[in-house]
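Results of the structural survey
Here are the chains, one letter per residue:
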Amino acid sequence: MSIIGRPNVGKSTLMNQMIGKKVAIMSDKPQTTRNRIVGVLNAPGGQAIFLDTPGIHKPKHKLGEIMVTTARKTLNEVDLILYVVDASEEPGGGEQFISQMLKDIKTPVFLVVNKLDAVNREEGLKKISQYSQMVAWQELIPVSAKEKTNLDRLKDLIFAKL
Ligand code: GDP
Ligand code: MG
């Protein structure tokens, strides 16, 4: 499972809240050149491995382009992509780049709309609607990583898929 999204949307917070400190394996060192394990989620039904996918950002140079190619490969090989977006921000260029990239990927995508605690209900619904039109998703899960809202549902959906 790859967890993707532009910086600051709450990927790390979401993972930490789902995993819980006891079973978390966090590492900043690359396990392979392609991707790195950033967490392991254990549940009675099985185990979900969180992979960070470098190169998911818009390339600014040649090395960046190679990383994008590598990222695309990784995303095609994992069983599930968690695409995290921020409900307190308007979708911007970062989202457009990622959405465009996901168009060529066959892996199922769960669209996780995070930070629902930071917006009012009306604004939240508006953002969910905007983001939901950017990418072909299999499940759309509004959450607050900070307040742990809806994270049990997200876990259930992940384990139902893997
Ligand atoms: P990452 O770069 O995607 O890994 O994002 P981080 O997990 O580092 O979070 C970026 C910032 O957003 C931090 O200041 C978090 O405390 C904050 N944040 C993450 N999740 C939530 C959330 O559900 N609600 C709010 N209000 N803030 C959040
Ligand atoms: Mg992070």
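Residues numbered from 1 in each chain as written. Chains lettered and ligands numbered in written order. Predicted model: local features only at pLDDT ≥ 70, side-chain atom pairs only at ≥ 80, totals over all residues.

Within an unreviewed UniProt entry, the label attached to the protein chain reads GTPase Era, and the organism entered is Heliomicrobium undosum. Quoted verbatim from the Subunit (unreviewed entry) field of the UniProt record, the comment on the protein chain reads "Monomer." The record in UniProt for the protein chain states the following under Sequence similarities (unreviewed entry): "Belongs to the TRAFAC class TrmE-Era-EngA-EngB-Septin-like GTPase superfamily. Era GTPase family." (UniProt positions renumbered as here; feature names shortened; annotations may be inferred.)

**Here's the deal with the site of ligand 1**
If you check the shell around ligand 1, you find 15 residues, and the closest are Gly10, Lys11, Ser12, Thr13 and Lys146. Per element, the largest residue contribution to the shell around ligand 1 is three residues, and it comes from helix α1 (residues 11–19). (Near = placed C-beta within 6 Å. Helix = DSSP H or I, 4+ residues; strand = E, 2+ residues; numbered from the N terminus.)

**A look at the sheet that holds strand β2 (residues 36–43)**
Strand order in the open sheet made by the six strands is β2-β3-β1-β4-β5-β6, with mixed pairing throughout. The strands lining the two open edges of the sheet, one partner per strand, are β2 and β6 (139–142). The mean angle between the axes of side-by-side strands here comes to 25°, regardless of whether they run parallel or antiparallel. When β2 meets strand β3 (residues 46–52), the two strands line up antiparallel, connected through seven bridges. Following the sheet pairing, Asn42 is matched in β3 by Gln47. Seen against the sheet, helix α4 (residues 121–132) touches β4 (81–86), β5 (109–114) and β6 and runs at an angle of roughly 155° to β5. (Pairing = 2+ DSSP bridges. Axes fitted to C-alpha atoms, helices over the stretch in contact; angles between N-to-C directions. Contact = placed C-beta atoms within 7 Å.)

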